[in-house]
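Letter by letter, the chains look like this.
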Amino acid sequence: MSATQLKSVGDSSWRKDGISKVTGSEQYAPDISVDRMWYGRVLRSPHAHARIVSVDTSAAEAMGAVCLTFADVPQTRYNERIVSTPPCLYRDRTVVADKARHVGEALVGVAAPTEELAEKALRSIKIEYEVLQVITTIEQAQKDGADPVHDTVLLNGEDKPIINNVAVQRTIDVGDTVKGFAESDFVIERSFKTGRIYHAQMEPKTVICQPEADGGITVWASTQSIHNTRILLGQIYGLPLNKVNVKKVALGGAFGSSIQMNSVTPIGVGLALKSGHPVKIATTREEDMHDHVRYPSEIKLKLGMKKDGTLIAGEMHAFEFKLKQYVGLGGTFWGQGPASKCIIRSDGVPELLKTGAELINWDKRPKPGSQTGRMRRGIGMARGFHTSGVGHAKASGAEMIDYSGAIVKLNEDGTVDLIQSLMDHGGGTNHAISKIVAEELGVPNHMVGISPCDTRTSLYDVTTHATRGIYAGGAAALKAAKAVKEQIIDWAARVLDVLPESLVIEPDQELGQGVIYCPNLAERRMTVGDLARYLHLNSLGTISSSQSMRQVNCPPAYVSYYVDVEVDTDTGQIHSRRAALGSDCGTVVNPALASGQLIGGLSKGQGYALTEDNQWDPVTGELASKGFWVDGKTPSISESPLVADIETHFAHTYEPTGPFGAKGLGEAAKNPAAAAFANAVYSALGIRFYELPITPEKVLAALAEQAAGKTARAARQAPAPVPVAE
Amino acid sequence: MYMNTNTRIVSPEFDFIQPKTLAEAFSLLEEHGATAKLLAGGTDLLVQMKMERQQPSHVISLAKVKELEGIKAGDGLTIGATTSISAISKSAPVKARYAALREACNAYSTVSVMLMGTIGGNLCNASPAADTAPALLVHDASVILKTAKATRKVPLKDFFTGPGKTVMQPGEILTAIELPEPARGSGSAFLKISRVVADISQVCAAVMLVRDGDKITDCRIALGSVGPTPVRMKHAVGALIGQRGTPEAFDAAAEIVARDITPITDVRATEKYRRHVARIIVRDALLTAWQRAAEGAAK
Ligand SMILES: Cc1cc2nc3c(=O)[nH]c(=O)nc-3n(C[C@H](O)[C@H](O)[C@H](O)COP(=O)(O)OP(=O)(O)OC[C@H]3O[C@@H](n4cnc5c(N)ncnc54)[C@H](O)[C@@H]3O)c2cc1C
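As a starting point, this report considers the structure included with it.

Reading the values: rules and limits
- Residues numbered from 1 in each chain as written.
- Chains lettered and ligands numbered in written order.
- Predicted model: local features only at pLDDT ≥ 70, side-chain atom pairs only at ≥ 80, totals over all residues.
- Heavy atoms only, no water.
- Helix = DSSP H or I, 4+ residues; strand = E, 2+ residues; numbered from the N terminus.
- Rg over C-alpha atoms; globule rule 2.2 N^0.38 Å.
- Buried < 20%, exposed > 50% of the residue type's maximum accessible area, 1.4 Å probe, protein only.
- Areas by Shrake-Rupley, 256 points an atom, 1.4 Å probe, with all protein chains shown as cover.
- Lys, Arg positive; Asp, Glu negative; His and termini not counted.
- Charge placed at Lys NZ, Arg CZ, Asp CG, Glu CD.
- Contact = heavy atoms within 4.5 Å.
- Pairing = 2+ DSSP bridges.
- Core = buried A, V, L, I, M, F, W, Y, C linked by side-chain atoms within 4.5 Å.
- Buried area = accessible area lost by both parts, 1.4 Å probe.
- Salt bridge = Lys/Arg side-chain N within 4 Å of Asp/Glu carboxyl O.
- Polar contact = N/O pair within 3.5 Å; in protein donor to acceptor, adjacent residues only side chain to side chain.
- Nonpolar A, V, L, I, M, F, W, Y, C, P; charged D, E, K, R; others polar.
- Near = heavy atom within 4 Å.
- Axes fitted to C-alpha atoms, helices over the stretch in contact; angles between N-to-C directions.

1. Some remarks on the overall build of chain B
Helix and strand counts for chain B stand at 11 helices and 14 strands. A compact globule built from 299 residues would reach a C-alpha radius of gyration of about 19 Å, and chain B, at 19 Å, matches this within 12%. Counting every position in chain B, which comprises 299 residues, the buried fraction comes to 53%. For chain B, the accessible surface area stands at approximately 12900 Å², while carbon and sulfur atoms represent 53% of it. For chain B, the distance from the average position of its 36 positive side-chain charges to the average position of its 29 negative side-chain charges is 2 Å.

In structure tokens, the structure reads:
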């Protein structure tokens, strides 16, 4: 089927949760309140590294509060993110910590009838710390005699020692790099540094846990996966999964920060179980900023290439500073495609590059270093990708867990319920999937409703990560819709007395219904609603299907960025003026929302490129921002180019393995941003930057060096490509 | 212990009182003494209470005291203390005659803060980064401070004494800000540098120039975020008055400013960057004000 024949998929329809979101009636986890509910707060460590000598909660308890210390929680270690199978799942976490390993580590939970009382009680708790060596750099951590941050780590039931603070090393070798470099015409070696970025999701991480009379629990939580949250809570608190019910509520943004079970979730559960009251914990912005981060990185890159620019060899050493200060060489950013191979069956890159170049006037871009005035314009481009899902990934003998489920059922009036646990981060994933279902069934888009659900009433979905929502989750829903359609056709064939093969279903916008008809017998027709009523009134049962599936491929979703910046050489400020953003996401399920993803990616990526770096003090380990968002320097709409100056465009591709040809988009939307901005600044100034963010201070310093006649910066940090000796 | 610090939960208890008249407000202030705090828009006070930098026993809201709100234009301008930043930025007389003040109000970080925040709160909070302060300094504003018994008028240049500190006495309420009529042939401008738009200033600067032909006959320059209080720059002004208004003269004056200020390095900027951009924005503001003075004289 070509995309042009599609009815629901491909139009920019209003998202089904749009009205509830813009009117403020949508319920997010922080909006949930239940009867007899208490409020929880979390006491967090002011020290980066400290042993807890004693905890005195007596004053808090005297105020009527219930406290949860390390002694009160199950001592088994877990990994809060369970998308890998046990052979590569390193477990080092407990509900509250036995020792502070970073500033802001959760140490004691407190619950009380009001949040104010909980806060007061929290402040009355006395903890005696034995302060240990603060480790904030890779070098410090690996030195002989450095204080171990974790003594051991649990892997597949085995307690593994950690030597010099290195828990795991991963080396990925593909091909023969020695030969590759030897055959290269040029070899370049560069070092890059990236900043420490707060996810800045709008929703403060929240949990509400209600203990049930049968010993079970009901949980509302900020999460990207209600099922993984359920499995972990069951494991930690020793509850069978049919006694743990996690509700799906709208998620106010995540950017990957709720891919794991959030740290407050099991604390809320522990407090509820201990107090016997439902307990709600909604984090403050400040504690949230201490709780998760995009790790800063230092990357040493060596590339070998041919004269025509073909890259033939590469070597990369990446160090990421984990929030937890143990060091994982080659660790990866959450949600950033794990070791998975993707098979490319659709490629819109050539089209993206061509269209983007035309939109931004690439041919007229300023020659680097050619301008002299105060304000200098520059155009830069970069492209990137993200796999759609993880495919069939085997790494170090272990598996990535990756499957989705969906239930589709036909209601008694011909409307359809889509029941799917897959979380929507706010980008419109659930809406897009409902369109895929409508498309397959041949009913108008508005006929398919997205049902509220929970872990008891839905099938497992791993998590909305790795740009897999539409590609993997949409494929599962499509599978269920296909099965439902088959039943609809079968029943209609009997009622209309024709062969099933002769029937088609198409949406009729006037009737607002799907119409089932036989193209060559015009009078044999009925609406899907007519059929549903017939089945109901004759007690013939409900048409439904519940399906699970794993996508075995994970096609790359490509993105291209062309950005136009204006550099103020007097203040060093870089202004983002225009952008042309292209996406190859296969069939575009909802163009308006897909554009929104790209524009959002530009905003977030611009922060990464130009302003954000939520660094800590190397001596104390405290955040320089102290957790205050105003000092996190997240760009807002004011830093964005005018909407009219952002062009979005899509490649005309069709991914054969995706639902109606669709692939992913989400994370890819941001990936090329930093490189595109750095290239644009180079175009404006003739100066290369290899450290993010490119702040006004760095720009002024580089301009001063340039003016002093030495392009020393460029020379020192970026040697020109070295011709390889013949 | 900073880890408990947050900007959401007000945990200490306090009494909230909402007087309807100024007289009532004075008697409440007298009754509850030094532990009471006045509340205008609350965009500074509430944050400080949540962070436990302020723990008042009583919070006295000025929201219902109508006599404190509004803008009166005549010979000069009188702005009630609880007038919102947003109302000032939209005011016609401000737009026509007090460009620096208007630009300072428009430079506020976000719409919500402009709607809630008041000019009186901005001054009484006495942050070195208060955006309206440098603008009001170059407009030569004075503040009216009242108690139940007395009223005094203090020139704004004598009002600030340190970060968070002013000459106000216990029991006093700032009721209004008075701006004299701008001199004929004058022009003013305000500029702010911040990391992102929704942020307080790394440096901000306001200037006012009076021109007679191509000569500068009067001048004021004031900066924020470059020392313990908003400051007026004497040496730079001295170098300009009586001179011709040329780019070179403005550049030279801006350089004096960059030398005279006493900025620090903090999370928002380094001392070096502050000095560098102070020079840039003072120069740019002088050029703009000079241009405006010519346009004003032509009208
Ligand atoms: C997110 C955010 C962004 C901000 N951005 C900016 C910015 O860009 N520029 C800027 O300058 N400021 C900014 N601020 C600071 C603040 O908004 C301003 O200083 C504002 O003008 C304060 O006014 P208010 O009415 O809210 O003061 P309040 O918080 O009500 O009061 C501040 C102080 O003044 C006292 N007070 C108030 N009125 C009187 C009176 N009439 N007499 C005596 N004492 C009084 C109060 O007791 C209190 O101590 C920002 C604040 C926040 C939270």
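Next comes the rest of the account.
2. Points about the overall build of chain A
Helices and strands together make up the secondary structure of chain A, namely 16 helices and 32 strands. Taken along the three principal axes of its C-alpha coordinates, chain A extends 85 × 75 × 50 Å. Looking at chain A as a whole, 57% of its 726 residues qualify as buried. Of the contacts formed within chain A by residues at least 6 apart in sequence, a portion of 78% connects residues at least 24 apart. Roughly 29200 Å² of accessible area belongs to chain A as shown, and the carbon and sulfur atoms make up 54% of that amount. Positive and negative charge centroids in chain A, built from 74 and 81 side chains respectively, lie 3 Å apart.

3. Observations concerning the sheet that holds strand S4 (residues 90-91) of chain A
Residues and elements named next belong to chain A. Spatial strand order, S4-S8-S9: 3 strands in an open sheet with antiparallel pairing. Looking at strand neighbours, the two that pair on one side only are S4 and strand S9 (158-161), the edges of this open sheet. Pairing of strand S8 (residues 152-155) with S9, which is carried by 4 bridges, proceeds in the antiparallel orientation. Directly across from Val153, in S9, lies its bridge partner Lys160.

4. Description of the nonpolar core
Residues and elements named next belong to chain A. Tyr561, Val563, Ile574, Leu602, Leu685, Ile694 and Val699 are the most contacted members of the largest nonpolar core, which totals 40 residues. Contributing elements (two or more residues each) for this core: strand S29 (556-568), strand S30 (574-584), helix H13 (591-611), strand S31 (646-650), helix H14 (673-685) and helix H15 (696-707). Of the residues forming this core, the biggest block, 9 residues, is contributed by H14. Filtering out sequence-adjacent residues up to four positions away, Leu685 remains in contact with Gly369, Arg376, Val567, Thr569, Val699, Leu703 and Gln706.

5. A few points about the interface of chain A and chain B
Counting from both sides, the interface comprises 38 residues of chain A and, opposite them, 30 residues of chain B. Between chain A and chain B lies a buried interface of about 2900 Å² when both sides are counted; carbon and sulfur atoms form 57% of it. The tally of links from chain A across to chain B stands at 6 salt bridges. Of the charged contacts in the structure, one is a salt bridge between Arg123 of chain A and Glu52 of chain B, with a shortest N-O distance of 2.1 Å. Where chain A meets chain B, there are 13 residue pairs in polar contact (both at pLDDT 80 or more). For the side of chain A that touches chain B, the secondary structure elements donating two or more residues are strand S1 (38-44), helix H3 (115-123), helix H8 (285-291) and H15 of chain A. When residues in the side of chain A that touches chain B are grouped by element, the largest group, 6 residues, is from H3 of chain A. Residue classes in the side of chain A that touches chain B are distributed as 11 nonpolar, 11 polar and 16 charged.

6. Re the site of the ligand
Residue and element names in this part refer to chain B. Not every one of the 29 residues close to the ligand is listed here, only the nearest: Leu38, Gly41, Thr43, Asp44 and Thr118. Here an oxygen atom of the ligand sits 3.3 Å away from a polar atom, N or O, in the side chain of Lys37. For the ligand, an oxygen atom lies 2.8 Å from a polar atom in the side chain of Tyr108. Notes on the ligand: free accessible area 980 Å², of which the protein chains cover 89%. Those elements giving two or more residues to the shell around the ligand turn out to be strand S2 (36-39), helix H7 (119-125) and strand S10 (173-179).

7. A short note on the sheet that holds S2 of chain B
All names here are of chain B. Taken in spatial order, the 3 strands line up as S1-S3-S2 in an open sheet, and their pairing is parallel. Across the chains shown, the open sheet's two edge strands, defined by having one partner strand only, are strand S1 (15-17) and S2. Each adjacent strand pair in this sheet contributes to an overall mean axis angle of 25 degrees, direction not counted. Pairing of S1 with strand S3 (residues 58-61) involves 3 bridges; the strand directions are parallel. Residue pairing for S3: Ile17 is matched across the bridge by Ile60.

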